[in-house]
Amino acid sequence: MLRTLMLSAFAMAVLWAQNESRPAIQKTPAGQTSVSSGKEMYHSYCAACHGVEGKGDGPASGALKFRPSDLTTLTKRNAGKFPELRVFGAINGDLRVTAHGPKDMPTWGAVFRQMEGGDVAGAKLRIRNLTKYIESLQVK
C-alpha cells in the first residue's frame, strides 16, 4: 500500500515537472495577409506549430500538449487522395482535431471571418487558398 502510494506520488511529480518545463505559447493577434496567398497565410498562421515545411516541427510545437500533425503526409495517410474537405473543416473549426488536444489549434474560420469584417465568403476563400497550399506540401 505504501509502495503504491509512493509510486503514485512520484508519477504525479514527474507529470507536474513535465508540464512545468513545457515552454509557454505566446499568443498574439493574427496579422493581416493576402486573401489570395495560401503560402503567405501558412507562413503567418501555421508554420509556428506545423513548421515551415509542414512536418509538425515548428518552433512552438514543443509547447503543445501533442505534436502538431505532419501536414506533408496527409495524402499518403489517406490512400493517395488529399483529404481536402477534412483539411478545410479542420482549419475552419468544423472538425475537432484530436491530436491538438482541447484547443491548441485556433479556430481559423472565426479569425478569418473577423479579418474579413464578418464576410463568410472572404473567410472561406482564405481557407480554400490555405488548403490548396497545404495540398502543395504533400510528399510525392
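Please read these numbers as outputs of a predicted model, since none were measured by experiment.

Q: How do you make sense of the overall build of the protein when you look at a structure like this?
A: Each helix and strand counted, the protein has five helices and zero strands in total. Counted from the first residue to the last, the protein has its helices and strands arranged as α-α-α-α-α. For the protein, the residues scored as buried account for 33% of the 140 residues in total. Look at the contacts in the protein between residues 6 or more apart in sequence, and 47% of them connect residues 24 or more apart. Here the protein displays about 9,100 Å² of accessible surface, and carbon together with sulfur accounts for 59% of that area.

Q: How should the packing of aromatic side chains be read in this particular structure?
A: The description of an aromatic ring pair uses the distance of the two centres, along with the angle that the planes make with each other. Scanning the entire structure with this criterion turns up four aromatic pairs. On the basis of an interplanar angle of 45° and a centroid distance of 5.5 Å, the ring pair of Tyr-42 and Tyr-133 is categorised as tilted. Remark: Tyr-133 occurs in helix α5 (residues 120-136) and Tyr-42 occurs in helix α2 (residues 38-50); sequence separation between them is 91 residues. Of the residues examined, Tyr-42 reaches a relative accessible area of 0% and is grouped as buried. The structure contains a cluster of three or more aromatic residues connected by ring pairs, namely Tyr-45, Trp-108 and Phe-112.

Q: Help me understand helix α4 (residues 108-115), please; the structure alone is not making it clear to me.
A: Helical periodicity: at 3.6 residues per turn, an α-helix aligns residues three or four positions apart in one direction. Within α4 the residues assigned to the buried category are Trp-108, Gly-109, Phe-112 and Met-115. Around the axis of α4, the buried residues are gathered within 125° of arc, so they sit on the same side. Each element contacted by the buried residues of α4 is listed here: α2, α3 (84-92) and α5. Looking one or two residues beyond α4, the residue adopting positive phi is Gly-117, at roughly 65°.

Q: Would you take a moment to explain the confidence of the model for the protein for this structure?
A: Low pLDDT marks regions whose predicted coordinates should not be analysed in detail. Averaged over every residue, the pLDDT of the protein is 81; residues scoring 70 or more account for 73%. Confidence, read as mean pLDDT per element, is least for helix α1 (residues 2-21) in the protein (43) and greatest for α5 (97). With pLDDT under 50 throughout, residues 1-18 is counted as low confidence; its partners more than four residues away or in other chains account for zero contacts.

Q: Got a minute to help me understand the environment of Phe-88 in this structure?
A: Take Phe-88: it is sitting in helix α3. C-alpha of Phe-88 to C-alpha of Lys-132: the two residues are 44 residues apart in sequence and 9.3 Å apart in space. Sequence-distant contacts of Phe-88, that is, excluding residues within four places in its chain, are made with Lys-124, Ile-127, Arg-128 and Thr-131.

Q: Got a minute to help me understand the side chain of Asn-129 in this structure?
A: As for its position among the elements, Asn-129 is in helix α5. Residue classification places Asn-129 among the buried residues on the basis of a relative accessible area of 15%.

Each value, and the rule that gives it
Residues numbered from 1 in each chain as written. Predicted model: local features only at pLDDT ≥ 70, side-chain atom pairs only at ≥ 80, totals over all residues. Heavy atoms only, no water. Helix = DSSP H or I, 4+ residues; strand = E, 2+ residues; numbered from the N terminus. Buried < 20%, exposed > 50% of the residue type's maximum accessible area, 1.4 Å probe, protein only. Contact = heavy atoms within 4.5 Å. Areas by Shrake-Rupley, 256 points an atom, 1.4 Å probe, with all protein chains shown as cover. Phe/Tyr/Trp six-rings, centres within 6.5 Å; stacked < 30°, edge-to-face > 60°. Arc of directions from axis to C-beta. pLDDT = per-residue confidence, 0-100.

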